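# Close look at the chain arrangement
Listed here are the chains, written in short residue letters.
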Amino acid sequence: MAIKSLSIRIDEEMLDKLHYVADYEGRSANSQINILIRDCIEQYEEKHGKIEIGQKSNSKRKKK
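Let me begin by describing the structure that accompanies this report.

Calculation rules
- Residues numbered from 1 in each chain as written.
- Predicted model: local features only at pLDDT ≥ 70, side-chain atom pairs only at ≥ 80, totals over all residues.
- Heavy atoms only, no water.
- Salt bridge = Lys/Arg side-chain N within 4 Å of Asp/Glu carboxyl O.
- Helix = DSSP H or I, 4+ residues; strand = E, 2+ residues; numbered from the N terminus.
- Buried < 20%, exposed > 50% of the residue type's maximum accessible area, 1.4 Å probe, protein only.
- Expected span 1.5 Å × (residues − 1).
- Polar contact = N/O pair within 3.5 Å; in protein donor to acceptor, adjacent residues only side chain to side chain.
- Contact = heavy atoms within 4.5 Å.

### Looking at the pattern of salt bridges
- Following the criterion strictly, the structure yields 4 salt bridges and no others.
- Glu13 is the salt-bridge partner of Lys17, the closest N and O atoms lying 3.2 Å from each other. A residue pair is termed a helical-turn pair when its members lie 3 or 4 positions apart in one helix, as Lys17 and Glu13 do in helix H1 (residues 12-25) at 4 residues.
- Arg38 serves as the salt-bridge partner of Asp39, at 3.1 Å between the closest nitrogen and oxygen.
- Classification of Asp39 by relative accessible area gives partly exposed; the value is 28%.
- Under the relative-accessibility criterion, Arg38 is labelled partly exposed at 44%.
- When salt bridges that share partners are traced, they join Arg38, Asp39 and Glu42 into one network.

Now the structure itself:
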């Protein structure tokens, strides 16, 4: 699996809090974000089923 880079805009206070939580957990901010994203995807898949990447049906993403 290739590692991709993602740039985000984030409020300064939220970023400071992210660093606080990451430090508490003994992680870098990047690692903390990866864990949060992984957990979010796992929760989504538990509720909606496995996300299959590369299928035509994925081109129409549904919101809640």
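### Here's the deal with H1
- For H1, which comprises 14 residues, the first-to-last C-alpha distance of 20 Å matches the rise-based estimate of 20 Å (1.5 Å per residue) to within 8%.
- N-capping of H1 is provided by Asp11, with a side-chain oxygen placed 3.1 Å from the backbone N of Glu13.
- Positive backbone phi, approximately 75°, marks Gly26, located one or two places after H1.

### Regarding the side chain of Gln32
- Summarising the element assignment, Gln32 is placed in helix H2 (residues 29-48).
- With residues near it in sequence (within four places) discarded, Gln32 still touches Leu18, Val21, Ala22, Glu25 and Arg27.

### Some points on the environment of Asp11
- Positionally, Asp11 belongs in the segment before H1.
- Take Asp11: its relative accessible area is 47%, and that puts it in the partly exposed class.

All we've got here are geometric facts, nothing functional implied.
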